[in-house]
Amino acid sequence: AEDPKRRVLKDVFGFDDFRPGQDAVTEALLAGRHVLAVMPTGAGKSLCYQVPALVLGGLTIVVSPLVALMQDQVAALRLAGVAADTINSSLDRDANVAAWRRVAAGQTRLLYLAPERLMTARMLEALARLDIRLIAVDEAHCISQWGPAFRREYEELSRLRGIFPDVPIIALTATADEATRTDIAAQLFAGRVATLVLGFDRPNIKLGIEAKQDSKRQLLGFVQRHAGRSGIVYCLSRKKTEEMAAFLEKNGVRALAYHAGMSKEAREANQNSFMTLSGVVMVATIAFGMGIDKPDVAYVFHTDLPGSLEAYYQEIGRAGRDGRAAEAHMLFGLGDIRMRRLFIDDEDAPAEHKRRAHGRLDTLIGYCETAQCRRQILLGYFGESAVPCRNCDNCLDQTPHADGEAEARIIFAA
Ligand code: ADP
Ligand code: MG
Ligand code: ZN
């Protein structure tokens, strides 16, 4: 017989394959286990509870912190023909009453609620009479007091496992940090996580690092090898983004600059061109990228060292969202390390903060200098183990670059 979760994936959502992690999460939930799913933004966390919700039947409660997010999700599910509802403060009384009637009548499969609404005595009492099969806590890092996104309303959610002892709970977050993870598990699952699913690998992105020599020439060569494809080039300074964009333009490449020092209009115009046209190279500072979801970005090129391995991971993650072969390429030189160290030392911050920042920089340098599989190191940093990937420069080229080696030695000596 056909696998019911695959059938839902195909028939309801129209997808042929699960993304990494989605099937493991679904299986664990269907087996009645709690799950902590840690996956980067854009990985497809929603399907991790939407597919099981539809396979399980009955009612799934989804906790989400923002009304706007809930409305979007409910609208998207309804478009796919799924009976989804939300009861929230932005709807008028009649709409909320109508939604509750559908829920109470057993018509609703997924009910989206803000934590403060779910955790009222009235709501919990009413829900206890219904056939609840799954609870999903989205943006679960909001429960962690240590994190910057802490929400007091999320704390209350630690009562859920006592109130619904037989219902599997899935917590979803994009925050990889170990302390946050432990905290989520402690509060939602009393410290026990039956299944931890991590999904940080982006196997279609080839990882590469090259010793920095003549960045302009090196960039041009790389861009020309990817002619006609869209790409993002990250530079450390505003001035450099403009210089690099002009240099590419002069050499026949369609390139635009983007940084926070430009006027809002100019920035928006450039962003629009990048999003709507294909084959444009965006040369930007890190001001560019938040919320950018262009599927066909073929590469992310770093002309300078990023601030940390987390930042690097975030930045390269903008490549290859369409699943096609993509590339993350970085130029790495001694001057960059010096510059980054100066940045940290010049910051007006407590000594402890600076010590940590230097530590994070050391981790990134370790990644740059390694002769091992880069993906192993990158994923290892996020707590994931991996076998050598065969899609990074070190895996592809077992004979070390003479140049790279020389450069690395100088850096160690510094
Ligand atoms: P997250 O919550 O992890 O940031 P979303 O759940 O919003 O991610 O999903 C991001 C995008 O990925 C959505 O457009 C979704 O339709 C798409 N997506 C999710 N799973 C799959 C899949 N198995 N195949 C193709 N696209 C998928
Ligand atoms: Mg999400
Ligand atoms: Zn590798």
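Residues numbered from 1 in each chain as written. Chains lettered and ligands numbered in written order. Predicted model: local features only at pLDDT ≥ 70, side-chain atom pairs only at ≥ 80, totals over all residues. Heavy atoms only, no water.

## As for the coordination of the zinc ion (ligand 3)
Looking at the zinc ion (ligand 3), one finds its protein donor set to be Cys373 (SG), Cys389 (SG), Cys392 (SG) and Cys395 (SG), positioned 2.3 to 2.4 Å from the metal centre. For the zinc ion (ligand 3), the four donor atoms in the first shell make angles of 101 to 120° at the metal, a pattern classed as tetrahedral. Within one chain, the residues donating to the zinc ion (ligand 3) are spaced in sequence as C-x15-C-x2-C-x2-C. Taken together, the positions of Cys373 in the loop between helix H16 (351-369) and helix H17 (374-381) and Cys395 in helix H18 (residues 393-396) put the pair 22 residues apart, joining distant regions of the chain. Under the relative-accessibility criterion, Cys395 is labelled buried at 14%. (Donors = N, O, S within 2.8 Å, 3.2 Å for Na, K, Ca; no water. Tetrahedral: all angles 85-135°; square planar, octahedral: opposite > 155°, others 65-115°. Helix = DSSP H or I, 4+ residues; strand = E, 2+ residues; numbered from the N terminus. Buried < 20%, exposed > 50% of the residue type's maximum accessible area, 1.4 Å probe, protein only.)

## Regarding the pattern of salt bridges
Once their charged atoms are close, side chains differing in charge can pair, the charge on each being opposite to the other. Under the criterion given, the structure shown has 22 salt bridges. When the shortest N-O distance is used, the salt bridge between Lys294 and Asp296 registers 3.2 Å. Since its relative accessible area comes to 5%, Lys294 is described here as buried. Look at Asp296 and you get partly exposed, because its relative accessible area is 26%. Ionic pairing is found between Asp393 and Arg374, a salt bridge with its closest N-O pair at 2.7 Å. Taken together, the residues span a long stretch of sequence, with Asp393 in helix H18 and Arg374 in helix H17 at a distance of 19 residues. (Salt bridge = Lys/Arg side-chain N within 4 Å of Asp/Glu carboxyl O.)

## Regarding unusual backbone geometry
Unusually for a residue other than glycine, Glu139 sits at a positive phi of about 50°. Looking at the element boundaries, Glu139 is found in the loop between strand E5 (132-137) and helix H8 (152-155).

## Quick look at the environment of Gly366
In this fold, Gly366 is placed in helix H16. Assessed through its relative accessible area of 35%, Gly366 is described here as partly exposed. Distance from Gly366 to Ile377, taken between C-alpha atoms, is 8.9 Å for residues 11 residues apart in sequence.

## Notes on H16
With 19 residues, H16 should cover 27 Å at 1.5 Å per step; its first-to-last C-alpha distance of 27 Å lies within 8% of that length. Along H16, the residues classified as buried are Lys354, Ala357, His358, Leu361, Leu364, Ile365, Tyr367, Cys368 and Glu369. (Expected span 1.5 Å × (residues − 1).)

## Quick word on the site of ligand 1
Surrounding ligand 1, one finds 13 residues, the nearest of these being Asp17, Gln22, Gly42, Lys45 and Ser46. Contact distances for ligand 1 include 2.9 Å between a nitrogen atom and a side-chain N or O atom of Gln22. Between ligand 1 and the protein, one listed contact pairs an oxygen atom with a side-chain N or O atom of Ser46 at 2.6 Å. Relative to its unbound accessible area of 570 Å², ligand 1 is 67% covered by the protein chains. The dominant element in the shell around ligand 1, judged by the number of residues it contributes, is helix H3 (residues 45-56), at three residues. Of the residues assigned to the shell around ligand 1, the class counts are five nonpolar, five polar and three charged. (Near = heavy atom within 4 Å. Polar contact = N/O pair within 3.5 Å; in protein donor to acceptor, adjacent residues only side chain to side chain. Areas by Shrake-Rupley, 256 points an atom, 1.4 Å probe, with all protein chains shown as cover. Nonpolar A, V, L, I, M, F, W, Y, C, P; charged D, E, K, R; others polar.)

## Points about the nonpolar core
In terms of nonpolar packing, the biggest core is built from 72 residues, with Leu118, Leu127, Leu157 and Tyr312 touching the most fellow members. Beyond its immediate stretch of four places on either side in the chain, Leu127 contacts Leu59, Ile61, Trp100, Leu111, Leu113, Leu118, Ile132 and Phe164. (Core = buried A, V, L, I, M, F, W, Y, C linked by side-chain atoms within 4.5 Å. Contact = heavy atoms within 4.5 Å.)

## Notes on the packing of H16 against H17
Two elements in contact, H16 and H17, have axes whose closest approach is 9 Å; the angle formed by their N-to-C orientations is 160°. The angle between H16 and H17 places the two elements in the roughly antiparallel class. For H16 against H17, the interelement crossing comes out right-handed. Note on element contacts: H17 touches H16 through Arg374, Ile377, Leu378 and Tyr381, opposite Thr363, Tyr367, Cys368 and Glu369. Of the residues assigned to the contact of H16 with H17, the class counts are five nonpolar, one polar and two charged. (Axes fitted to C-alpha atoms, helices over the stretch in contact; angles between N-to-C directions. Parallel < 35°, antiparallel > 145°, perpendicular 65-115°, else oblique. Left-handed = near helix turned anticlockwise from the far one by under 90°.)

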